[in-house]
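Spelled out, the chains give:
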Amino acid sequence: MGLMPTPDAALDEKAIIAAAEKALADIAAVRLAVSKVIFGQEKVVENTLLAILSGGHALLVGVPGLAKTKLVTTLGTVLGLDANRIQFTPDLMPSDILGTEVMDQDENGRRSFRFIKGPVFAQLLMADEINRASPRTQSALLQSMQEYQVTIAGRPYDLPAPFHVLATQNPLEQEGTYPLPEAQLDRFLLQVDVGYPELAAERQILLETTGVSDQKAAGVLTAPRLIEIQKLIRQMPVSDSVVDGILSLVRSARPGHGNAETDKAVAWGPGPRAGQALMLCARARALYEGRLAPSLDDVHALAEPVLEHRMALTFAARAEGMSVRDVIAGLVKQARS
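Treat the numbers as computed from the prediction; the structure is a model and nothing was measured. (Residues numbered from 1 in each chain as written. Predicted model: local features only at pLDDT ≥ 70, side-chain atom pairs only at ≥ 80, totals over all residues. Heavy atoms only, no water.)

J.: Can you walk me through the overall build of the protein chain in this structure?
T.: Scanning the protein chain from N- to C-terminus turns up 16 helices and 11 strands. Computed over its C-alpha atoms, the radius of gyration of the protein chain comes to 22 Å, within 12% of the 20 Å expected for a compact globule of 337 residues. When its C-alpha atoms are laid out on the principal axes, the protein chain stretches across 80 × 60 × 50 Å. Sequence-distant contacts, at least 24 apart, represent 76% of the contacts inside the protein chain between residues at least 6 apart. Summing over all exposed atoms, the protein chain offers an accessible surface of approximately 17,500 Å²; the carbon and sulfur share of this is 54%. (Helix = DSSP H or I, 4+ residues; strand = E, 2+ residues; numbered from the N terminus. Rg over C-alpha atoms; globule rule 2.2 N^0.38 Å. Contact = heavy atoms within 4.5 Å. Areas by Shrake-Rupley, 256 points an atom, 1.4 Å probe, with all protein chains shown as cover.)

J.: What is the right way to look at the side chain of Q41 in this model?
T.: Mapping Q41 onto the fold places it in the loop between helix 1 (7-35) and helix 2 (42-53). Those residues within four positions of Q41 in sequence are excluded, and the remaining contacts are L66, V194, G195, Y196 and P197.

J.: I tried to follow the packing of helix 10 (residues 240-252) against helix 12 (residues 272-288) on my own but got confused; where do I start?
T.: Helix-helix packing is characterised by the crossing angle of the two axes and by the distance between the axes. In the contact formed by helix 10 and helix 12, the axes pass within 10 Å of each other and the chain directions differ by 145°. Like other packed secondary-structure pairs, helix 10 and helix 12 cross with a definite hand, here right-handed. Residues V243, I246, L249 and V250 of helix 10 touch helix 12, and the partners they reach there are A274, G275, L278 and M279. Its residues assigned to classes, the contact of helix 10 with helix 12 shows 7 nonpolar, 1 polar and no charged. (Axes fitted to C-alpha atoms, helices over the stretch in contact; angles between N-to-C directions. Left-handed = near helix turned anticlockwise from the far one by under 90°. Nonpolar A, V, L, I, M, F, W, Y, C, P; charged D, E, K, R; others polar.)

J.: How should I be thinking about the pattern of salt bridges in this particular structure?
T.: Any two side chains of opposite charge can pair, on the condition that their charged atoms come close. This structure, assessed with the given rule, holds 15 salt bridges. The closest approach of N and O atoms between D186 and R273, which form a salt bridge, is 2.8 Å. Of this pair, D186 sits in the loop between helix 7 (182-185) and strand 9 (190-193) while R273 sits in helix 12; the two residues are 87 residues apart in sequence, bridging distant segments of the chain. E308 is the salt-bridge partner of R325, the closest N and O atoms lying 3.4 Å from each other. (Salt bridge = Lys/Arg side-chain N within 4 Å of Asp/Glu carboxyl O.)

J.: Just to check I follow, could you spell out the sheet that holds strand 9 for this structure?
T.: Across a sheet, paired strands are connected by hydrogen bonds in the backbone, their directions being either parallel or antiparallel. Here 5 strands make up an open sheet; going across it, the order is 2-5-8-1-9 and the pairing parallel. One side of each edge strand has no neighbouring strand; the edge strands of this open sheet are strand 2 (83-87) and strand 9. Sheet twist, expressed as the average angle between the axes of neighbouring strands with direction ignored, equals 20°. Of the strand pairs in this sheet, strand 1 (residues 58-61) and strand 8 (residues 164-169) are connected by 4 bridges, and their pairing is parallel. In the strand pairing of strand 8, L60 is matched with T168. (Pairing = 2+ DSSP bridges.)

J.: Please explain the pairing of strand 6 (residues 149-152) as it appears in this structure.
T.: Note on strand geometry: in a regular strand, side chains alternate between the two faces of the sheet. Residue alternation in strand 6 divides its side chains into a buried set, V150 and I152, and an unburied set, Q149 and T151. Relative to strand 7 (residues 155-158), strand 6 runs antiparallel, the two sharing 4 bridges. Note on strand 7: the bridge partner recorded for I152 is R155. Here strand 6 hands over to strand 7 after 2 residues, with A153 in that stretch at a positive phi of 55°. (Buried < 20%, exposed > 50% of the residue type's maximum accessible area, 1.4 Å probe, protein only.)

J.: Please explain the packing of aromatic side chains as it appears in this structure.
T.: Inspection of the entire model under this criterion finds 3 aromatic pairs. Grouping aromatic residues by their ring pairs yields a cluster made of F115, F121 and Y157. (Phe/Tyr/Trp six-rings, centres within 6.5 Å; stacked < 30°, edge-to-face > 60°.)

Structure below.
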């Protein structure tokens with residue numbers, strides 16, 4: 001005979017359902033506010049929001065002029081976050097991001113150091129064209145993205161909560177760009193590929209953005225409310241079948257784990273952070289679509305943005321014209337069969 005649920009458990013379940021319904025209404029309001037400024041690009045908006053709702057960072061990859069910067073500034077306004085923007089250039093120094101110490105002298109002649117915070121001290125940091133900065137400067141973001149603090153002159157400084165980095169990257173090979181190191185790529189929860197807009201969306205862009213007035217984003221959430229939704233997402237239940245599906249997919253993307261196609265095409269595969277990203281983002285996607293628990297469909301839909309930047313192909317696979325996306329699509333097809 002099975003055990004009856006305790007009254008406390010029933011109350012907790014009701015509270016989570018009520019909180020989820022409230023969060024769903026807030027997310028719908030966010031989506032509506034963003035759609036008034038960003039036309040089309042529904043999948044881009046969705047994946048970027050999923051990264052933030054999951055409490056992580058996102059890398060937006062696309063050619064110039066596709067409203068990546070506008071999307072980030074719009075999200076900062078709509079989500080009620082204190083936002084800063086850094087334009088990465090080859091001569092940018094770590095202190096330009098983190099801040100620096102200056103010497104002050106009081107009226108008695110006593111001298112002391114004072115720390116002036118850099119633009120990284122924001123709730124939403126836009127790292128524009130992140131691959132244009134030198135590796136030394138890129139590494140200045142590593143500690144902040146992982147530990148949510150920076151260390152200056154041996155002293156740690158906590159970053160604001162929540163803290164999210166939305167970085168943009170131009171995929172075109174140009175002089176003066178530096179590939180992001182694998183350790184930093186792994187810190188991005190999702191890679192969001194930004195493509196050209198559909199015809200109808202591009203028509204709307206032409207009509208809406210070349211007139212006298214331009215749509216402005218309106219605030220919908222606050223930072224404390226966003227943190228509440230992020231905590232709720234971590235409380236959402238995940239079935240054993242979804243956990244097993246995540247493990248199976250991530251492990252099948254690693255060479256030497258029994259998948260012949262992966263062994264042939266993949267030089268190195270995703271680490272445990274990929275599974276963590278799938279777990280969080282699948283929950284966020286379920287809530288985004290009005291469901292209280294994620295399914296395997298959520299996992300499969302998020303496979304590409306989670307795995308793409310965490311894998312590399314062998315030279316032979318690249319020579320045959322294969323791409324990481326092709327490999328991931330094959331792995332998802334195998335998982336569904």
